[in-house]
Amino acid sequence: MEDTRISKLNSFFSPQQGTLFAVLGIFVIYPFAANNYYIDVAFFFGIYALLGLSLNIVLGEVGLFDLGHAGFYAIGAYTTAILNTKFGVPILVLLPVSAIAAALFAYLVCSPIIHLRGDYLCIVTIGMGEIVRLSLINNPFDLTGGPNGVFGIDFPSLGSFFVIDSSIEYYFFIWIVVGFSILALIRLQNSRIGRAWNCIREDEVAANANGINVRHYKLLAFVLGAAMAGIAGNIYASKLMCVSPESFSFMESCLMFCIVLIGGMGSIPGVIIGAAVISLFPEIFRPFAMYRMLIFGTVMILMMMFRPGGAWPRRRGGADIKSVLNTWRKNG
Amino acid sequence: MAEADLRTTDRAILETRKLTKVFGGLTAVNNFDSQVREGEICSLIGPNGAGKTTVFNVVTGIYKPENGSVVFNGKDITGQKPHQIVSGGIARTFQNIRLFPNMTCLENIMAGQHCRGSAGMWGSIFRTSRQKKEERHIREVAEARIHQVGLWESRDELAKNIAYGSQRMLEIARALATEPGLLALDEPSSGLNPSETEELMVFLKSLVKENFSIFLIEHDMNVVMGISDWVIVMDEGARIAEGRPETVYNNPKVIEAYLGYDDDQQVNGES
């Protein structure tokens, strides 16, 4: 029995490993073949991949509709911006700090609302995202710079000899972070915690009745998702060298939401595809900028109708949007 | 009261004392006393709306009672959260099967082992040796349980794709994987055909030999009479009778609760 299983694994893995190496190869060669503009496009693809992965924890794994994820992203970016420009803390030191700040914010804000179900939670998270954005515009304690934002953010550096300041370096920086995130998330998916998350998505009452502390695991998903969004915010802030509230609008939350839905809820390769679609779409449709949103909306509707499981649904344990909506109905 | 002596042991594994649960103006459970003794199959029966499932929901922590207490293994567990009660040793199944439909059968059972594990987020990300050992243990327990209910062949199928009867067994296996002392089954035979019901009865009997106690809500009188060591009858939220299955079966109060009462008999004073 053990033998057949191993041989099954082998035959299953080798083509997969092959594609994995091919994809890795393309990622390494790409920046040397492309010009700076296209390297930057790939950088933003990386940012969206990281954001998609972070929302995927909350939306894909646990089935919680979070439409305020840009709020966490903003907290990460502003933590970096403020601490760097006002106190001169190095960007790389701020990487974990931003993650912790966003995670702490998520913990405080989500603790009282975590018991809300389905659409109610969705509405509260929209409010949360908007409150964050409006607070930033209102310039509390003269820290956030109001609508203009904060500028003059440093490059990430270690001493003076290792400085990330060119497009190509940023490209590798973000994709290495994305790579480690993917590795960690795959391990989480195949663990007790990943299973608990999926159980909650499938049937909250049954999960609770089988010894899963639903509240704890929902909060963990939010906190972890926020921490990853905070990291994305840190890298984004240092790349653009300035942050302003308009980068963290409701539209940004919607885009992250679409990344997860397009790719397939709970599917890591799906999220990468979704991020590619969202970040490359505006580039491809640049000539018809006026019709961009029209086409985008149509594509989303068609997706929901004909492929609710996403472009690359998880092979096992994935869920499509319809079944998640059904769970809301079942749980009342 | 002499009947109490006929029960298998004196040791109660689960006790409800003066349990009361009110929904708005409706008293669903009213001063309900009951005992499930160790190593027995105790059935809770009663007409529709008698409050049986409410008792289960209170016992397993889904509802908080207005009054009274639930004592499990000598410990007061009233008002604990459902997941705490599961870790404490009471596992349950639902009247309308509640599996995790988009997860495989094996993953469903592994979910039952969740409360016995302790690996955290960092342990899972860094794959510590302790986490790996625990994960292996979870898998072994789940595989043993899936063998036990005869679903080994469908271990990799999604739970929503297996037959209804198999889903019932899978739900019981998932409950068993939480390593409970008491198994609370809410109408396990509903929707099963006669031969599946027969298999279920044999299976439940075999569980008692494994040292589980079973608290059962059941409508199928063949099952109740066939496997129960003790039967408690509920009507309108209160206990109206209890005893060995044969005795309860012939109890006029029970017959009355099920069939309604006969006016003529009352008038003639023949009851």
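Residues numbered from 1 in each chain as written. Chains lettered and ligands numbered in written order. Predicted model: local features only at pLDDT ≥ 70, side-chain atom pairs only at ≥ 80, totals over all residues. Heavy atoms only, no water.

Quick notes on the sheet that holds strand E4 (residues 67-72) of chain B
Residue and element names in this part refer to chain B. Pairing is antiparallel across the open sheet formed by four strands, whose spatial order is E2-E1-E4-E5. Two strands lie at the open edges of the sheet, namely strand E2 (26-37) and strand E5 (75-76), each paired on one side alone. Pairing between strand E1 (residues 12-23) and E2: eight bridges, direction antiparallel. Bridge pairing in E2 places Phe23 opposite Leu26. (Pairing = 2+ DSSP bridges. Helix = DSSP H or I, 4+ residues; strand = E, 2+ residues; numbered from the N terminus.)

With respect to the packing of helix H2 (residues 36-61) of chain A against helix H10 (residues 250-263) of chain A
All names here are of chain A. At a minimum axis separation of 8 Å, H2 and H10 run at an interaxial angle of 75°. The orientation of H2 with respect to H10, classified from their angle, is roughly perpendicular. Residue-level inspection shows Tyr48, Leu51, Gly52, Leu55, Asn56, Leu59 and Gly60 of H2 in contact with H10, the latter providing Glu252, Leu255, Met256, Phe257, Ile259 and Val260. Partitioned by chemical class, the residues of the contact of H2 with H10 number nine nonpolar, three polar and one charged. (Axes fitted to C-alpha atoms, helices over the stretch in contact; angles between N-to-C directions. Parallel < 35°, antiparallel > 145°, perpendicular 65-115°, else oblique. Contact = heavy atoms within 4.5 Å. Nonpolar A, V, L, I, M, F, W, Y, C, P; charged D, E, K, R; others polar.)

What about the nonpolar core?
Ranked by internal contacts, the top residues of the largest apolar core, which has 106 residues, are Tyr73(A), Trp197(A) and Val243(A). In this structure, Val243(A) is in contact with Ala77(A), Tyr78(A), Ala81(A), Asn148(A), Gly149(A), Val150(A), Ile153(A), Ala237(A) and Phe248(A), ignoring residues within four places of it in sequence. Residues Ile97(B), Leu99(B), Leu183(B) and Leu207(B) belong to the second largest nonpolar core, which totals 37 residues. (Core = buried A, V, L, I, M, F, W, Y, C linked by side-chain atoms within 4.5 Å. Buried < 20%, exposed > 50% of the residue type's maximum accessible area, 1.4 Å probe, protein only.)

What to know about the domain arrangement of chain B
All names here are of chain B. Once the domains are mapped, chain B shows domain 1 (2-89 + 180-268) and domain 2 (103-173). For domain 1 versus domain 2, the distance between C-alpha centres works out to 29 Å. Facing 17 residues of domain 1, the contacting portion of domain 2 comprises 10 residues. The largest contributions to the domain 1 side of the interface with domain 2 come from Ser87, Leu192 and Phe203, which together make up 38% of the buried area. Where domain 1 packs against domain 2, one counts one salt bridge. One salt bridge in this structure joins Glu210 and Arg145, with 3.5 Å as the shortest N-O distance. For the pair domain 1 and domain 2, the interface holds five residue pairs in polar contact (both at pLDDT 80 or more). Those elements that provide at least two residues to the side of domain 1 that touches domain 2 are helix H2 (82-88), strand E7 (182-186) and helix H7 (194-209). (Domains from an automatic or database assignment. Buried area = accessible area lost by both parts, 1.4 Å probe. Salt bridge = Lys/Arg side-chain N within 4 Å of Asp/Glu carboxyl O. Polar contact = N/O pair within 3.5 Å; in protein donor to acceptor, adjacent residues only side chain to side chain.)

Structural notes on the environment of Ile126(A)
Residues and elements named next belong to chain A. Take Ile126: it is sitting in helix H5 (residues 118-137). The exposure class of Ile126 is partly exposed, given its relative accessible area of 26%. For the pair Ile126 and Pro313, spaced 187 residues apart in sequence, the C-alpha to C-alpha distance is 26 Å. Not counting the four nearest positions on each side in its chain, Ile126 is found in contact with Leu67, Gly68 and Phe250.

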